[in-house]
Amino acid sequence: MYVEDLPTICILAAGRGSRLGEVSDHLNKALLPLGKKAIISRILEKFPTRCSFVVALGYRGEQVKTYLSMAHPDLNITYVDIPNWQGPGSGPGLSLLCCKPAIPGRFIFVACDTLWDGDIDLESHNDWFGVATVSAEESSRYCNFEVSAGRISAVHDKVSVSGPQYKAFVGLCHVFNTKTFWSALESTSLIKGEHQISNGVSELVARHGPHAVPVEWYDTGTAEQFATLAAHYEQFDFSKPEEAIYIVGSRVIKYFSKPEIAEHRAKRAQSRPGVFPEIAQCTNGFYWYPLQPGHTLYQGCSPHLFTGLLAFLDRELWQPVHVPVDELRAVCRKFYVDKTVERLALYEKKHPAAGKTMRVNGADLPAISDLMSRIPWDDLLDAEPVVFHGDLQFDNILFDPKSGVFTLLDWRQDFGGRTDFGDLYYDLAKLNGGLLLNYDLIKDNHFRVTHEGNGVFLDFARRSSGDTYKEILRSFVDTKGLDWNRVELMTALIYLNMSPLHAAPFDELLYALGRRMLCQVLYARDYEIDSTLYLGLSKSN
């Protein structure tokens, strides 16, 4: 098939996605990740790369343009800015009309919240519209077609219909008789305040009898629909609402709602080439780097390899940085004290009764205010300033057996606002925290939080080898003349700080585990707590 035989692919990504609620607060709905791929990437991959694409932009349009330039640099994409993409008169009909000058002939129309299984006919010389069955209760949300003998006989847009002859338009169609369609689409009549494409469809029905093609369809247009589909790709939502990660081909793309986070991460990566991946491009809150070879240490580790990792970190990453004492203590106060207070307030906003006394796995714990008052904050301010990672756990550490090279991923952007140093104790505590909570198993949903009266019961899977690695880590800390008790204390604080950033019930697991660990450290001699922090849904080496 020659390029000129292919239809133009027009994807509408201008809308706000209001039905998604908070899910689309920071991202255009076309960029919501499903299994580390944006929805729009999954759409683009359904078509030959030789196709010409037209993408309508409105809400957070620069995001879409930046992402596509990084994820699909070899595609022929024309961007069309929709001037009035929201409010009365906006809608898919208007967006499609704005794209008309960039569409020379027949075309495939795709709504950016539509996904489907199977191939579609790109060689058709007929108009066809993808359809699926929806309930009568849901039908008023869609443009519905009355179908007879495989052809559309009538259009009922945004009204409730009932009966086997009615099918919902899935947001995927091929327009062959373009002159008829475009002429009718220019009508300014609105449906529920929006310019829909149904005027053009109705004229095609009247003059050409378009085909209704059943499609195995996935609508991602509401928060509930998106969450249901996302669960097919990942067992548990480990994501954070203001960032996203994508893997497209041989590229890893990261997005942050605050562009300075991406900029600081890129700056930090440049300071340690060979330790962090080389950032190829950073702009508009996005950066990308080539997919790195190797496997995470959760996927494969050994005592020898872990010992080698610590030697690598000591040699290549944890280089001392001179920081004046007053300056160091001020930064640590901001990072440890102020941030912990802020994060606990965030958690208690989600769970108002969280700060009271509680029971965790049968042990009665004091109020969080009592625990906070016992923390030796001044000791934490006397940090060990080094070049640091900031999220050093096994999921963020790659090892390539072929080259024998370690690569560190997903490093933190700063330490209390500073990009030139962090605290060695923080990295050590992060490592320790990932040995107790195996985050890859958490992502596979191998944990449970059960509420029991005024307390909770925690149960989570972990590898039995974690105890061996913890002893190796503790030996390293002792050899360096550092304080293992401080590492344990900071591990508890890390869990508490993480808790408000994650979805339930993982947030509750982190919070309760952090409080219990705090008790173990702060009341080591005079507060009896069973040393078993977990029962283990399953264990593996």
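A few points on the structure. None of the values given here were measured: they were computed from a predicted structure.

**Here's the deal with the overall build of the protein**
When its secondary structure is counted, the protein shows 16 helices and 28 strands. Here the C-alpha coordinates of the protein stretch approximately 85 × 50 × 40 Å along the principal axes. Buried residues in the protein amount to 55% of all 541 residues. Pairs at least 24 residues apart make up 76% of the contacts formed inside the protein by residues separated by at least 6 positions. Averaged over its 54 positive side-chain charges, the protein has a centre that lies 1 Å from the centre of its 66 negative ones.

**Remarks on empty space enclosed by the protein**
With the rule as written, the count across this model stands at 1 cavity of 30 Å³ or more. Estimates place the volume of the largest cavity at around 60 Å³. Around the largest cavity, the lining residues are Phe 335, Tyr 336, Lys 339, Thr 340, Tyr 426, Met 490, Leu 493, Ile 494 and Asn 497. Elements with a contribution of two residues or more to the lining of the largest cavity: helix 9 (325-350) and helix 15 (484-498). Residue composition of the lining of the largest cavity, grouped by class: 6 nonpolar, 2 polar and 1 charged.

**Focus: the layout of surface pockets**
Roughly 980 Å³ of volume is contained in the second largest pocket. Lining of the second largest pocket is provided by 39 residues; of these, Arg 19, Lys 29, Pro 92, Asp 113 and Glu 194 occupy positions nearest its centre. Every element with two or more residues in the lining of the second largest pocket is listed here: strand 1 (8-13), helix 3 (92-99), strand 6 (107-111), strand 11 (166-175) and strand 13 (216-219). Examining the composition of the lining of the second largest pocket, we find that 3 residues originate from one element, strand 11, more than from any other. For the lining of the second largest pocket, a count of residues per class yields 15 nonpolar, 14 polar and 10 charged.

**Let's talk about the packing of helix 12 (residues 424-436) against helix 15**
Where helix 12 meets helix 15, the closest approach of the two axes is 8 Å, and the angle between their N-to-C directions is 70°. Put simply, helix 12 runs roughly perpendicular to helix 15. Where helix 12 abuts helix 15, its residues Tyr 425, Tyr 426, Leu 428, Ala 429, Lys 430, Asn 432, Gly 433 and Leu 436 lie against Trp 484, Arg 486, Val 487, Glu 488, Met 490, Thr 491, Ile 494, Tyr 495 and Met 498.

**Section: the nonpolar core**
With 104 residues, the main nonpolar core has Phe 306, Leu 313, Trp 318, Leu 431, Leu 437 and Phe 506 as its most contacted residues. Top element by residues in this core is helix 16 (residues 506-522). It accounts for 11 residues. Excluding anything up to four places from it in sequence, Trp 318 contacts Leu 310, Leu 313, Val 386, Val 387, Phe 388, Leu 392, Leu 424, Asp 427, Leu 428, Leu 431 and Phe 476. Grouped together as the second largest cluster of nonpolar side chains are 51 residues, Ala 13, Leu 75, Trp 116 and Tyr 255 included.

**A word on the sheet that holds strand 15 (residues 251-256)**
With antiparallel pairing, the 4 strands of this open sheet are ordered in space as 14-15-17-16. Strands at the two margins of the open sheet, each flanked by one partner only, are strand 14 (243-248) and strand 16 (281-283). Averaged over all neighbouring strand pairs, the angle between strand axes comes to 15°, with direction disregarded. Along the sheet face, helix 7 (residues 259-271) touches strand 15, strand 16 and strand 17 (286-290) and points at about 135° away from the line of strand 15.

**Looking at the side chain of Thr 222**
As for its position among the elements, Thr 222 is in the loop between strand 13 and helix 6 (223-233). What makes Thr 222 buried here is its relative accessible area of 10%. Only 3.1 Å separates the side chain of Thr 222 from the backbone nitrogen of Gln 225, close enough to count as a polar contact. Once you skip the residues sitting within four places of it in the chain, Thr 222 turns out to touch Arg 19, Leu 20 and Arg 141.

**So, the packing of helix 12 against helix 14 (residues 466-479)**
Packing of helix 12 against helix 14 leaves a shortest axis separation of 9 Å and a crossing angle of 165°. When the axis of helix 12 is compared with that of helix 14, the two are roughly antiparallel. Crossing angle aside, the handedness with which helix 12 passes helix 14 is left-handed. Between helix 12 and helix 14, the residues in contact are Leu 428, Leu 431, Asn 432 and Leu 435 and Gly 466, Tyr 469, Lys 470, Leu 473, Phe 476 and Val 477, respectively. Grouping the constituent residues of the contact of helix 12 with helix 14 by class yields 7 nonpolar, 2 polar and 1 charged.

**Details of the pairing of strand 15**
The element strand 15 is extensively covered by neighbouring structure, given that 6 of its 6 residues are classed as buried. Side chains Arg 251, Ile 253 and Tyr 255 project from strand 15 onto one buried face, and the interleaved Val 252, Lys 254 and Phe 256 project onto a second face that is buried too. Inspection of the sheet shows strand 14 paired to strand 15 by 6 bridges, in the antiparallel sense. Within strand 15, the residue paired with Ala 244 across the bridge is Tyr 255. Both strand 15 and strand 17 contribute to a ladder of 5 bridges, which runs antiparallel. Paired with Arg 251 across the bridge in strand 17 is Pro 290.

**A few points about the side chain of Arg 42**
Structurally, the position occupied by Arg 42 is in helix 1 (residues 39-44). Put simply, Arg 42 is tucked away with no salt bridge, and the nearest opposite charge, on Glu 45, sits 5.5 Å away. What Arg 42 contacts, discounting residues up to four positions off in sequence, is Leu 34, Gly 35, Lys 37, Leu 115 and Tyr 233.

**Description of the environment of Gly 285**
The topology assignment puts Gly 285 in the loop between strand 16 and strand 17. With 28 residues separating them along the chain, Gly 285 and Ser 257 place their C-alpha atoms 6.2 Å apart.

**Examining the pairing of strand 4 (residues 52-57)**
A regular strand places its side chains so that they alternate between the two faces of the sheet. Taken across its 6 residues, strand 4 has 5 buried, putting it largely inside the fold. Pairing between strand 4 and strand 5 (residues 76-81): 6 bridges, direction parallel. Each bridged residue has a counterpart across the sheet, and for Leu 57 the counterpart in strand 5 is Asp 81. Taken together, strand 4, helix 2 (residues 61-71) and strand 5 form a β-α-β motif whose crossover is right-handed.

**Description of the state of the cysteines**
If you walk through the whole model with that rule in mind, you get 0 disulfides. We note that Cys 51 lacks a disulfide partner, and the nearest cysteine sulfur, in Cys 10, lies 13 Å from it. Cys 51 gets classed as buried once you look at its relative accessible area, which sits at 1%.

Analysis parameters
Just so you know, the residues in each chain are numbered from 1, in the order the chain's sequence is written. Per-residue local features are limited, in this predicted model, to residues with pLDDT of at least 70; the limit for side-chain atom pairs, both in listing and counting, is 80 or more; totals at the level of whole chains, interfaces and linings are taken over all residues. Neither water nor hydrogens contribute to the side-chain values; these are computed over all heavy atoms in the structure. In this text, helices come from DSSP runs of H or I with a minimum length of four residues, and strands from runs of E with a minimum of two, each type numbered from the N-terminal end. Categorising residues by exposure relies on relative accessible area from a 1.4 Å probe, with only protein chains included: less than 20% of the type maximum marks a residue as buried, more than 50% marks it as exposed, and the intermediate range marks it as partly exposed. Only heavy atoms enter the contact rule, under which two residues are in contact if any of them lie within 4.5 Å. Note on charges: Lys and Arg go in the positive column, Asp and Glu in the negative column, and His and the chain ends are not counted at all. Lys charges are placed at NZ, Arg charges at CZ, Asp charges at CG and Glu charges at CD. Only protein atoms enter the calculation, which uses a 1 Å grid: trapped sets of points that fit a 1.4 Å probe without letting it out are cavities, open sets showing protein on both sides within 12 Å along at least five of seven lines are pockets, and any residue with an atom within 4 Å of a point is a lining residue. Grid points are joined across faces, edges and corners, and a volume is the space filled by probe spheres set on the points. Any residue outside Ala, Val, Leu, Ile, Met, Phe, Trp, Tyr, Cys, Pro, Asp, Glu, Lys and Arg is labelled polar, Gly included; the first ten of those are nonpolar and the last four are charged. Whenever a helix is involved, its axis is fitted only over the stretch in contact; in every case the axis is a line through C-alpha atoms, and angles between N-to-C directions fall within 0 to 180 degrees. What sets the label is the angle itself: under 35 degrees gives roughly parallel, over 145 gives roughly antiparallel, 65 to 115 gives roughly perpendicular, and the rest give oblique. Residue types Ala, Val, Leu, Ile, Met, Phe, Trp, Tyr and Cys, when buried and joined through side-chain atoms within 4.5 Å, form a set referred to as a nonpolar core. For two strands to be treated as a pair, DSSP must find no fewer than two bridges joining them. What qualifies as a polar contact is a pair of N or O atoms within 3.5 Å, subject to a donor-acceptor requirement within protein and to the restriction that residues adjacent in sequence count only when both atoms come from side chains. Should the near helix be turned anticlockwise from the far one by less than a right angle, the crossing is termed left-handed; should it be turned clockwise, right-handed. We count a salt bridge whenever a side-chain nitrogen from Lys or Arg sits within 4 Å of a carboxyl oxygen from Asp or Glu. Here is how to tell: hold the view so the strands point away, follow the path from the first strand over the helix to the second, and if it runs clockwise the crossover is right-handed. The definition used for a disulfide is geometric: two cysteine sulfur atoms within 2.5 Å.

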